[in-house]
Amino acid sequence: MKVVIIGGVAGGASAAARLRRLDEKAEIVIFERGSYVSFANCGLPYYLSGTIQSKEDLVVQTPELLGKRFNLDIRIRQEVTHIDKTEKIVKVHNHVTGETYIENYDKLVLSPGAKPFIPPIKGIDANKVFGLRDIPDVLSIENYIQENKPKKIVVFGAGYIGIEIAENLKKAGLNVTIIELMNQILGPLDYEMATLVHQHLKENEVEFYLSDPVQSITHNSGCNVLELSSGKEVKTDMIIMGVGVRPENALAKEAGLEIGITGGIKVNDYLQTSDPDIYAVGDAIEINDYISGNPALIPLAGPANKQGRIAAGNICGIKKSYNGTQGTSIIKVFDMTIATTGNNEKLLKRKDIEYQKSYTHSPSHAGYYPGAEPISLKLLFSPNGQILGAQAVGKEGVDKRIDVIATAIRAGLKVADLEELELCYAPPYGSAKDPVNMAGYVANNILKGDVEVFHWDEFTQYDSNDSIILDVRKTDECEEGMIEGAINIPLDELRERLAELDKNKMILIYCQVGLRGYLASRILKLKGFNRVKNLSGGYKTYYPTTCRQDNCPLYSFEKILKSDIIEADTR
Ligand SMILES: Cc1cc2nc3c(=O)[nH]c(=O)nc-3n(C[C@H](O)[C@H](O)[C@H](O)COP(=O)(O)OP(=O)(O)OC[C@H]3O[C@@H](n4cnc5c(N)ncnc54)[C@H](O)[C@@H]3O)c2cc1C
C-alpha cells in the first residue's frame, strides 16, 4: 500500500507516525510545502518575546530524524498542486529544483491546514503585512523588528493568535495596539467573561480598540496610517495579522471533492472525503460540533492530531469514527489563564438551543492558604441538566477545572454529577468543595428551582417602581461601589430588617459573588417573599461589564476604575 500525505505538521505527521506503527510495509510519502515538518506552530508567538529562546526549540522533529525513525519518505519544499482522483495521482511542484512531477497513491491524506484571512481593506495590498503561521513567518517578523526598530506595532484581530502575538511583543518591550472588529476580544468567550480580560490587558498597558475595524491604510511620512471606522487614526510602523484563518480547501475543491457549508472539506465519520480513498484531517475539514452536531470549523491542534491518528487507523482497517470537536481551548494572557469548552452562549442563541447559565467565582485553592486567586466560571446547561459549555477566567487552576468539565461533557455527565465529582484536594491545590463542585451546586440549585436567578444584563427588564435592588454585602464593601439604585441591608442584618422591604415588589438581590445573595434569597422566600431573584455571579460578574472596555488611548487601570463608573451610565 502506498499512502501519500499532503501537509507534514500536526495532522499529517500524526497520521504518518500512526500509519507506520500499524503497517511496517506501507510506503508513506509526505509532501510539505514549507521547509519544516512537525514543528511547534503553537509555540511561535512565544519566540517573539524570547520565552522560547532558540529557533531549534520550535523544530520538534527534523525531516531527517522523523523520516528515519518512522521510515517515511519526507519531501519538504514540495507542493502538491493537483489531485487526479480518477487516476489516483498527485502533481507535485518542487520549489527547490523548479521541476514538476507526478506521484501515484493508493490512499491519500489531506492535512493542508488553514490559511490566514486577509481582510479586504483599502490599501492593505500596498503594505508588507506580516502573518504568523510558520517558522519563516516568525523569523521574518523578528528580522523586521531588529532591522527597522518599529516604535509601534498594530495587531489586527484579537482572537487567540492575535492576543498571543500582542502579549509577546509587549513582553519584548514594544508598544502594541490591537484593533478588533467585535466589541470584545477572544471570540470563544462570551462578552461578560471577556470584560474581565479587557481589564487585565489595560493593567498590562496594551492599547486596544473594540468595535472599530480598519477602513483604510495609507502611507504617510514613513509610517502606515490606519483609518478606523470611528474616524480615529492610528499610526504604525508594522502590521501583523491575527484575524483568523480559513480552511485551505483550494486543492480539494479543484479535485472535485465535496466542500461543506462552512468552507471546510466535507468528511464522513471515518474522515473520508467524498472520494473514499482520500481522507482529510485538521484545520482544513468541516467537523461536527460535539455539542450541537452542527457542521463547524474548529481549528485546534488536539483535534488535528487525533484525526490524523484515526484516519491512519481507518486506512489500516481499524475502523473508528471521529465523534466531533468540542472546542476545548486555553490561552495565557499575561498573568491570566482563560479556557473554554463546548458551546458559548452566543452560539447557543444563534442556533436556537435552549439553555440556562450560572456564574461562580470560587477560589483556586483554600482561601486560608496563601496565593488563592478567584476562578470566574460560567456554566451553560440545558433545562434537562446536560452540560453545554463552560468558560473560566482566572490566574491559577483554570486549566484543571475546564479539563474536568470537558471530560464530564464527553462522559455525558449532567450538572448534578458535577456536585458529586471527587476531585483531589489539599489546601495548596483546591478546596473541599472544588470550583467544579461549586459550579455544579449553583447550576443544580437553579435547575431544581431552589433559587431563581437573574443575570448581569437583565436589570433593564425590571420596572424600578415594581422592584427593589437589594445589596446584601457588608457596608464597607458597598463603599467600593454599588449597583445604581440599590439599597444595602447586609445579610447578617436581613432577618431583623425585613420590614424595610415591600413584599409585593420583586426583590433583586446581589452580593459580591452570588453566595450571600443565595442565602438571602432563601431567607426571604422562607419569610413569605414570593418574588425574589439572585444575581448570578454577583457584583463581580456585573462590575467589569460596566467599565470602559477598550483602552484607547493608553491609560492606566487606576484611572479607569474611577472614570468608568461614570462612563458606564452613558454607554
Ligand atoms: C501561531 C499559532 C499558534 C497556535 N496555537 C495553538 C494552540 O495553542 N493550541 C491549539 O490547539 N492550536 C493552536 N494553533 C492551531 C494549530 O496549530 C492547528 O490547529 C494545527 O496545526 C492544524 O493542523 P493541520 O495538520 O490541519 O495543519 P498545519 O499544522 O497547519 O499543517 C498544514 C501543513 O500543510 C502544508 N501544506 C498546505 N498545502 C500544501 C500542499 N498543497 N502541498 C504540500 N504541503 C501543503 C502547509 O505548509 C502546512 O505546513 C496555533 C496555530 C498557529 C499558527
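Student: I keep staring at helix 9 (residues 301–315) and nothing clicks. Help me out?
Tutor: Quick reminder: α-helices carry 3.6 residues per turn. Residues three or four places apart thus point the same way. In this model, helix 9 (15 residues) spans 21 Å end to end at C-alpha, consistent with the 21 Å of a helix rising 1.5 Å per residue. Residues P303, A304, Q307, G308, I310, A311, A312, G313, N314 and I315 constitute the buried set of helix 9. Those residues of helix 9 that are buried lie in contact with strand 1 (2–6), helix 1 (10–22), strand 7 (107–110), strand 19 (278–280) and strand 20 (285–288). A positive backbone phi angle near 85 degrees is found at G317, which sits one or two residues after helix 9.

Student: I keep staring at the packing of aromatic side chains and nothing clicks. Help me out?
Tutor: What characterises a pair of aromatic rings is the spacing of the ring centres plus the angle enclosed by the ring planes. In the structure shown here, the tally under the stated rule is nine aromatic pairs. The interplanar angle of 80 degrees and the centroid separation of 6.0 Å between the aromatic rings of F454 and Y462 together place this pair among those described as edge-to-face. With a centroid separation of 5.3 Å and an interplanar angle of 75 degrees, the aromatic rings of F459 and Y542 are classed as edge-to-face. In this pair, F459 sits in the loop between strand 27 (453–454) and strand 28 (467–471) while Y542 sits in helix 16 (residues 538–546), placing the two residues 83 residues apart along the sequence. With respect to burial, F459 and Y542 carry one shared label: buried. Linked through ring pairs, F454, F459, Y462, Y510, Y539, Y542 and Y543 together constitute an aromatic cluster. The cationic tip of R410 hangs over the ring face of Y290; the distance from NZ or CZ to the ring centre is 3.9 Å. Here K503 stacks its cationic end above the ring of F529, 5.3 Å away from the centre of that ring.

Student: Is there a simple way to think about the packing of helix 7 (residues 191–203) against helix 16 in this case?
Tutor: A packed helix pair is summarised by two numbers, namely the angle formed by the two axes and the spacing between the axes. Across the interface, helix 7 lies against helix 16 with an axial gap of 8 Å and an inter-helix angle of 70 degrees. As far as their axial angle goes, helix 16 and helix 7 are roughly perpendicular. Considering the relative orientation of helix 7 and helix 16, their crossing is left-handed. From helix 7, Y191, E192, T195, L196 and Q199 reach across to helix 16, where they touch K540, T541, P544 and T545. Of the residues contributing to the contact of helix 7 with helix 16, the split by class is three nonpolar, four polar and two charged.

Student: Sorry, what's going on with the site of the ligand here?
Tutor: Not every one of the 27 residues close to the ligand is listed here, only the nearest: G11, E32, S111, D283 and A301. E32 is positioned with one of its side-chain polar atoms (N or O) 2.7 Å from an oxygen atom of the ligand. Contacts to the ligand include S111, whose side-chain N or O atom sits 2.7 Å from an oxygen atom. Taking 1000 Å² as the accessible area of the ligand by itself, protein coverage stands at 88%. Those elements giving two or more residues to the shell around the ligand turn out to be helix 1, strand 2 (27–32), strand 4 (78–84) and helix 9. For the shell around the ligand, the leading source of residues is strand 4, giving three residues. Partitioned by chemical class, the residues of the shell around the ligand number 15 nonpolar, seven polar and five charged.

Student: Looking at this model, I keep getting lost on the confidence of the model for the protein. Mind explaining?
Tutor: Caution applies to low-pLDDT parts of the model: their predicted coordinates are not meant to be read in detail. Here the protein shows a mean pLDDT of 94. Residues at 70 or above account for 97%. Per-residue pLDDT stays below 50 along residues 555–571; that stretch engages in 21 contacts with residues further than four places along the chain or on separate chains.

Student: Would you take a moment to explain the pattern of salt bridges for this structure?
Tutor: Side chains bearing opposite charge may pair, as long as their charged atoms lie close to each other. Within the structure shown, the criterion is met by 27 salt bridges. Close ionic contact of E452 with K525 constitutes a salt bridge, the shortest N to O distance being 3.5 Å. Of the two residues, E452 sits in the loop between helix 13 (435–448) and strand 27 while K525 sits in helix 15 (residues 515–526), which places them 73 residues apart along the sequence. Looking at E452, the relative accessible area reads 36%, which means it is partly exposed. Judged by relative accessible area, which is 30%, K525 ranks as partly exposed. Between D466 and R531 there is a salt bridge; the shortest N-O distance is 2.8 Å.

Student: What am I meant to see in the sheet that holds strand 5 (residues 89–94) here?
Tutor: Picture the strands of a sheet paired through backbone hydrogen bonds; they go either parallel or antiparallel. Ordered by their spatial adjacency, three strands build an open sheet running 4-5-6, and the pairing between neighbours is antiparallel. Each end of this open sheet is capped by a strand with a single partner; those strands are strand 4 and strand 6 (100–104). Strand-to-strand twist in this sheet, taken as the mean axis angle between neighbours without regard to direction, amounts to 30 degrees. Where strand 5 lies against strand 6, five bridges are found, and the strand directions are antiparallel. Pairing of V92 across the sheet is with Y101, part of strand 6.

Rules behind the numbers
- Residues numbered from 1 in each chain as written.
- Predicted model: local features only at pLDDT ≥ 70, side-chain atom pairs only at ≥ 80, totals over all residues.
- Heavy atoms only, no water.
- Helix = DSSP H or I, 4+ residues; strand = E, 2+ residues; numbered from the N terminus.
- Expected span 1.5 Å × (residues − 1).
- Buried < 20%, exposed > 50% of the residue type's maximum accessible area, 1.4 Å probe, protein only.
- Contact = heavy atoms within 4.5 Å.
- Phe/Tyr/Trp six-rings, centres within 6.5 Å; stacked < 30°, edge-to-face > 60°.
- Lys NZ or Arg CZ within 6 Å of the ring centre and 35° of its normal.
- Axes fitted to C-alpha atoms, helices over the stretch in contact; angles between N-to-C directions.
- Parallel < 35°, antiparallel > 145°, perpendicular 65-115°, else oblique.
- Left-handed = near helix turned anticlockwise from the far one by under 90°.
- Nonpolar A, V, L, I, M, F, W, Y, C, P; charged D, E, K, R; others polar.
- Near = heavy atom within 4 Å.
- Polar contact = N/O pair within 3.5 Å; in protein donor to acceptor, adjacent residues only side chain to side chain.
- Areas by Shrake-Rupley, 256 points an atom, 1.4 Å probe, with all protein chains shown as cover.
- pLDDT = per-residue confidence, 0-100.
- Salt bridge = Lys/Arg side-chain N within 4 Å of Asp/Glu carboxyl O.
- Pairing = 2+ DSSP bridges.

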